[in-house]
Amino acid sequence: MIQVEPKKPSDPDLGGSFAVTRYDQPTLAVLKDLWSSMPGGPVSTPFQSPHVLHAIQTTRAGFPEPAFSVFSVRRQDDTRPLMLVPLMMIERGFFKVATMADLDVVDVNAPVLAGDRPIHPGEYDGIVDAILENLTDVDLFDAFNLPEKIGGLDNPFFRSSRMEKQTDVLALSLDGEQNIAQLKSKSVFKEARRKGRKLTEQGVEFSEIRTEAEREKALLSLMEYKRRRLQETGITRDPWSEKQERFFKNALNSYSDDYAQTTLLALRRNDEIVAVALAFVSDREFHGSLISMGEEHWYKYSPGSVLICRIIEWALERGIRQFDFGPGSHGYKKHFGAQTYSLGRILVPVTAKGRSYMALRTLKRIKNELFQTIKSGSRRETPAS
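In this text the structure is predicted, and so the values were computed from the model without any measurement.

Along its length, the protein chain carries eleven helices and 17 strands. Looking at the protein chain as a whole, 48% of its 385 residues qualify as buried. Considering only contacts within the protein chain whose residues lie at least 6 apart along the sequence, 73% involve residues at least 24 apart. For the protein chain, the computed accessible surface area is about 19200 Å², with 49% contributed by carbon and sulfur atoms.

Quick look at the structure:
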């Protein structure tokens with residue numbers, strides 16, 4: 001692990017109020033030390049916890065020229081950090097990019113905030129500028145899937161003037177008695193309870209999978225289910241899924257730290273898996289990542305819906321405030337009353353080469369928009385047969 005000392009800003013308008021220290025290739029022990037150094041404790045999503053980031057770093061070790069760094073940001077007049085920013089340095093074609101630590105399995109990316117160091121709105125852009133100034137070895141900075149909130153606090157990246165809206169996701173708010181009462185009154189919840197009772201009569205029980213052997217078996221079930229679904233669409237081999245499987249295995253091997261855990265929750269009859277889900281969980285947030293069903297004879301009991309309802313109840317018992325179903329806009333999420341939340345993106349060139357990338361990107365967007373305009377115009381002009 002290489003620690004790079006902060007350098008003085010060359011321009012007082014670019015992050016001049018902040019100092020940045022960069023930690024290259026940090027070990028799990030260093031990650032835990034950094035997180036524990038946060039005044040008032042770290043506030044993060046479960047994906048930006050030491051054991052998950054270490055699992056991503058370990059999985060990416062097989063990639064060409066992998067590089068992982070954590071940027072610690074503090075005010076110039078303070079010795080304690082107010083933010084940690086984990087970034088991967090990757091190659092995107094001819095360009096080098098500093099991007100969020102992600103393997104297409106991370107639903108949200110965000111910095112880690114200090115509980116006792118509130119960040120004021122006037123500081124949001126300055127923090128981003130301070131980080132950009134310390135990215136001396138890349139062409140682009142690409143922070144994507146940025147949520148509006150981190151553990152109930154405003155996300156400075158999302159609030160930055162450089163942020164652009166990227167997409168929407170669906171999640172349940174479990175904050176407040178009214179929201180919970182409305183959720184439990186929904187027909188999908190009532191139907192799942194009814195079928196859940198039938199599963200109980202069949203000897204099926206809900207539980208968290210804890211032992212290493214059971215976790216390995218459940219992960220195999222999840223990945224096999226995913227492979228079958230891909231094969232149904234004509235995809236016989238998906239190398240990226242193989243990398244994801246290694247990541248999930250790495251995350252489950254370390255299982256948890258003081259800030260979040262990677263968990264498997266299942267409906268099982270003895271050793272038989274009826275339905276299982278893998279999720280990333282903190283004290284405030286639940287993020288589902290994978291779900292699978294067991295043998296087909298269980299399908300008449302809607303084990304997926306039953307499992308989701310049991311997991312929601314499990315989350316409520318732990319005081320979790322937000323329940324994210326995972327990627328995708330599947331219709332079943334709205335049946336549970338999921339609400340739309342925006343995710344943002346900051347894509348900024350750091351070098352002249354990076355600016356050329358942005359120019360090419362803009363030209364490509366204009367070309368696609370022009371093509372769609374011409375295509376829609378041709379359809380309007382085509383006479384009806």
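Counting residues in hydrophobic clusters, the biggest one holds 47 residues, and the most contacted among them are F247, F248 and L278. Residue contacts for L278: discarding those within four places in its chain leaves L219, L222, F248, L252, T262, T263, L264, H287, G288, S289 and L290. The next biggest cluster of nonpolar side chains, apart from the first, holds 34 residues, and it includes L172, L174, L265 and M293.

The next thing to look at is the packing of helix α6 (residues 187-201) against helix α9 (residues 303-317). Running from N to C, α6 and α9 cross one another at 105 degrees; their axes reach a closest spacing of 8 Å. The orientation of α6 with respect to α9, classified from their angle, is roughly perpendicular. Counting all contacts with α6, which are made through V188, F189, A192, R193, K195, G196, L199 and T200, the residues of α9 involved are S305, V306, C309, R310, I312 and E313. Its residues assigned to classes, the contact of α6 with α9 shows seven nonpolar, three polar and four charged.

On the surface, L360, L363 and I366 cluster together into a nonpolar patch covering about 300 Å² of accessible area. Along the chain, the position of L363 falls in helix α11 (residues 352-381). You can call L363 exposed: its relative accessible area is 55%.

Rules behind the numbers
Residues numbered from 1 in each chain as written. Predicted model: local features only at pLDDT ≥ 70, side-chain atom pairs only at ≥ 80, totals over all residues. Heavy atoms only, no water. Helix = DSSP H or I, 4+ residues; strand = E, 2+ residues; numbered from the N terminus. Buried < 20%, exposed > 50% of the residue type's maximum accessible area, 1.4 Å probe, protein only. Contact = heavy atoms within 4.5 Å. Areas by Shrake-Rupley, 256 points an atom, 1.4 Å probe, with all protein chains shown as cover. Core = buried A, V, L, I, M, F, W, Y, C linked by side-chain atoms within 4.5 Å. Axes fitted to C-alpha atoms, helices over the stretch in contact; angles between N-to-C directions. Parallel < 35°, antiparallel > 145°, perpendicular 65-115°, else oblique. Nonpolar A, V, L, I, M, F, W, Y, C, P; charged D, E, K, R; others polar. Patch = residues over 30% accessible without salt bridge, like charges linked within 9 Å, V, L, I, M, F, W, Y side chains within 5 Å. Salt bridge = Lys/Arg side-chain N within 4 Å of Asp/Glu carboxyl O.

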